[in-house]
Amino acid sequence: MIADGDRIALFNSPTRVMKAEKLLRKAGLVCQLIPAPRQVAEGCALALRFAATEQTAIFNELGAANLPPRRLYGKHQGLLSALELTSENE
Amino acid sequence: MAIYLDNAATTFPKPESVYHALDQTGRHLAISPGRGSYSLALEAGRLVYEVRETVAEFFNIPDPSRVVFTANATEAINLALFGLLRPGDRVVSTTMEHNAVSRPLQVLASRGIEIERVPADTTGQVSAAAIREAVTNGGKIARMVVLSHCSNVTGSIQPIEEIGPWCRQQGVLFMVDAAQSAGLLPIDVQSMGIDLLAAAGHKGLLGPAGTGFLYLVEGLQPTPLIYGGTGGNSASPLMPEELPERLECGTLNTQALAGLQAGIDFVRSHGLEQIRRHKSALLEQLFFGLSRLPGIRIHGPSQVQPQGGLLSFSLAGQDPSEIGFLLDVEYDICIRTGLHCAPDAHRNIGTLPAGTLRVSPGLFNTAADIDALLRAMDRILCAKSTISA
Ligand SMILES: Cc1ncc(COP(=O)(O)O)c(C=O)c1O
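These numbers were taken from a predicted model, which means no experiment stands behind them.

So, how was this worked out
- In this numbering scheme, every chain counts its residues from 1 along its sequence in written order.
- Chain letters start at A and ligand numbers start at 1, both assigned in the order the entries are written.
- In keeping with the predicted nature of the model, local features appear solely for residues at pLDDT of at least 70, side-chain atom pairs appear and are counted solely at 80 or more, and the whole-chain, interface and lining totals rest on all residues.
- The basis for the side-chain values is all heavy atoms of the structure; hydrogens and waters are excluded.
- Comment: elements are numbered from the N terminus, with helices defined as DSSP H or I runs of at least four residues and strands as E runs of at least two.
- For the radius of gyration, the atoms used are the C-alpha atoms, and the globule rule reads 2.2 Å times the number of residues raised to 0.38.
- Only protein chains enter the calculation, and the probe is 1.4 Å; a residue is then buried if its accessible area is under 20% of its type maximum, exposed if over 50%, and partly exposed in between.
- Surface exposure here means Shrake-Rupley accessible area, sampled with a 1.4 Å probe, where a residue is shielded only by the protein chains that are shown.
- Here Asp and Glu are counted as negative and Lys and Arg as positive; His is not counted, and neither are the chain ends.
- Working definition for charges: the position is that of NZ of Lys, CZ of Arg, CG of Asp or CD of Glu.
- By definition, a salt bridge exists where a carboxyl oxygen of Asp or Glu is found within 4 Å of a side-chain nitrogen of Lys or Arg.

(A) A look at the overall build of chain B. Helix and strand content of chain B: 11 helices and 13 strands. For 389 residues, the compact-globule estimate of 2.2 N^0.38 gives 21 Å, and the C-alpha radius of gyration of chain B, at 22 Å, lies within 12% of that figure. Once the C-alpha set of chain B is aligned to its principal axes, its extents read approximately 75 × 60 × 35 Å. Taking all 389 residues of chain B together, the buried fraction comes to 58%. A total accessible area of about 15,300 Å² is found for chain B, and carbon and sulfur atoms account for 55% of it. Taken together, the 29 basic and 37 acidic charged side chains of chain B have centroids lying 4 Å from each other.

(B) Quick peek at the overall build of chain A. A tally of helices and strands in chain A yields 2 helices and 5 strands. Secondary structure elements of chain A occur, N-terminal to C-terminal, as β-α-β-β-α-β-β. Taking 2.2 N^0.38 as the reference for a compact globule, 90 residues should give roughly 12 Å; the C-alpha atoms of chain A span a radius of gyration of 12 Å, in line with that estimate. The principal-axis extents of the C-alpha atoms in chain A amount to approximately 30 × 30 × 20 Å. When burial is assessed residue by residue, chain A has 47% of its 90 residues classed as buried.

(C) Inspection of the pattern of salt bridges at higher detail. What the rule picks out here adds up to 20 salt bridges over all chains. One salt bridge connects E57(B) with R268(B), and the closest N-O pair in it is separated by 3.0 Å. With E57(B) in helix 2 (residues 39-58) and R268(B) in helix 7 (residues 254-270), the pair connects residues that are 211 residues apart, well separated along the chain. For E57(B), a relative accessible area of 53% translates into the label exposed. Note on R268(B): relative accessible area 37%, which makes it partly exposed. Where salt bridges share partners, they join E21(A), R25(A) and R46(B) into one cluster.

The structure is reproduced here in structure tokens:
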């Protein structure tokens, strides 16, 4: 479900994540809604998955719409870890 | 086929596109939205989000997540009033309200909330000046003004575009019951200073029964009316802080919301002006037809003043319920008689306890329907006068 180099963004509510997905798709950015893995979210949250290479563009788009994610994770060598909420985490 | 003239209660029939949306969504996507993350659930979630966007665009609501879906206008009104008002608050309302507003206010009055009801004139019209005075009167500025945009008894249209911006200036919450006006009159929550907008989806917006919504301006955070599952954040023992989930728990009616979307699309494609022109033409025809009847009294604004999509009347010496009964059983014509769930409004216009006969044409009614009603009225009155003579 999540590959190395993927980013996982969590939002405050299911409606906000829907809003984010719609906005990004409209802007031609590639992303996908997935169930948030249990390491990062309690309960049954949805998360937005995208490639690390898209992060800058995606954060710019979300920032412009005042829709910042609540948390961000990256997968590296099979491990998910929390990242700072900036448009770049290289 | 029956002639249905009770569209103020709920619109019927709906546009074909609404039936199509109900059928297609029911067959292919009647899935719980925002629950589960399989593709169909996501698709249902996207559909519901789109309906939220459509509602937001239609009323110039800046953020779709401030649109909370409810089962009808009544639930939306209860959600706002019980969720926000606290003991010690003062609320200004009017004597023209539907029970959906006046009954919750009555309960709140017994919980230490002060209610002031501004009287309307005999045609059902409330003045903005009287509202302003009531807000600032009483030693303490009111916390909220709540009133219906358009009366379901007289069709009177209240000057919300005047009251709202003034309330905003004063820091008073402004709540509008748009049950009768949504889909008939233009409503712009931003320019009209509306903080809370409650509407039915099943009336002028042409959606199916079981739809309605409440809009809440940014910053308002009412306590929920009901508590339960919201999809995300399930591990928390508390309701989420975010809207709409905080106020929208339990399975949403995806199918009905798809119908609401089709209804609003229909309204948008025809335009409010054309819709209003159609209804006004039928009401005018009715007004002039009725004016010839002996003992007729038409309640509400005169034809020259703006009015909503209905006309209320009574006949001297006649029981409205009997006329309504005869129209139904002998002529297959459905109109509404009695108090229309708004006894305060009838007290205000002097039609208690019998109430009035109310005719509310829909988009699909024609001049022939109004002619049929007028002919039936003639015959009923003629027969009654022969019997009593
Ligand atoms: C002015 C007004 N407010 C509220 C309502 C209640 O609407 P609903 O039946 O959707 O709860 C109505 C419906 O008749 C109405 O006319």
